[in-house]
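Structural description and commentary
Residues per chain are reported as follows:
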Amino acid sequence: QGWWTYEYCFPHSLIQFHLAGNGKTRDPTHILGTLNGTTSPTAPNTVKMETIRLKPSISPRERREPPSNHLTLQQYLGGGTVCDETSQPRSTKMRFQCPLKWKSQTETQIVSIQEGSLCEYEVVIQSPMLCGHSKFLPTIPMGKQTIQCTAEN
């Protein structure tokens, strides 16, 4: 997202940094959330996640819901770098979805990063790895349909 670069190491941490000077120096660097130093499990098949359905926002520009209204996995990361404005640790809600074009999108990618409140982030990651479970497959809207009415006696 422009000036910032993001590094997500599943399931441990999300880091935001700027590549300065020669493109190799990270300055500044902020941990947006982490499981490191907590009692949260990080071993395969033990990471704490919840299944949610995102609610639509008021305006299409701010929409946080996939058009198909499909299910999303959510992970919470807390204990990030202390925010100058709030004096609280940064935190992030990581949201994982099967992409709408899951048959052709083969790579996992971050599709949006929002700062909903000061130093509280929401990240949407689309991954075809979720598409192996039918609960997470998107349902594509059918588009325009014709309804034909007939009168009966």
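These remarks concern the structure in this document. (Residues numbered from 1 in each chain as written. Predicted model: local features only at pLDDT ≥ 70, side-chain atom pairs only at ≥ 80, totals over all residues. Heavy atoms only, no water.)

1. With respect to the packing of aromatic side chains
Operational definition: Ring pairs shown here join Phe, Tyr and Trp side chains whose ring centres sit within 6.5 Å, with only the six-membered ring taken for Trp; geometry is labelled stacked below 30 degrees between planes, edge-to-face above 60, and tilted in between. Categorising residues by exposure relies on relative accessible area from a 1.4 Å probe, with only protein chains included: less than 20% of the type maximum marks a residue as buried, more than 50% marks it as exposed, and the intermediate range marks it as partly exposed. By definition, being over a ring means that NZ of Lys or CZ of Arg is both within 6 Å of the ring centre and within 35 degrees of the ring normal.
Tallied over the full model, the rule gives 4 aromatic pairs. Between the aromatic rings of Trp3 and Trp4, the centroid separation amounts to 4.9 Å while the plane-to-plane angle is 90°, which identifies the pairing as edge-to-face. Residue classification places Trp4 among the partly exposed positions, given a relative accessible area of 23%. Of the aromatic side chains, those joined through ring pairs into one cluster are Tyr8, Phe10 and Phe96. Arg26 extends its terminal NZ or CZ atom over the ring of Phe17, reaching a point 3.8 Å from the ring centre.

2. A word on the sheet that holds strand 5 (residues 72–77)
For clarity, the cut-off: Between any two strands, at least two bridges found by DSSP are needed for them to pair. Secondary structure counts use DSSP, requiring at least four H or I residues in a row for a helix and at least two E residues in a row for a strand, with both numbered from the N terminus. Axes here refer to lines fitted to C-alpha atoms; in helices the fit is confined to the stretch in contact. Angles between the N-to-C directions go from 0 to 180 degrees.
Strand order in the open sheet formed by 5 strands is 4-5-6-8-7, and the pairing between neighbours is mixed. The strands lining the two open edges of the sheet, one partner per strand, are strand 4 (50–52) and strand 7 (109–117). On average, each strand axis in the sheet is inclined to that of its neighbour by 25°, with strand direction left out of account. Bridge count between strand 7 and strand 8 (residues 120–126): 7 bridges; the pairing is antiparallel. What sits directly across from Ile110, in strand 8, is Ile125.

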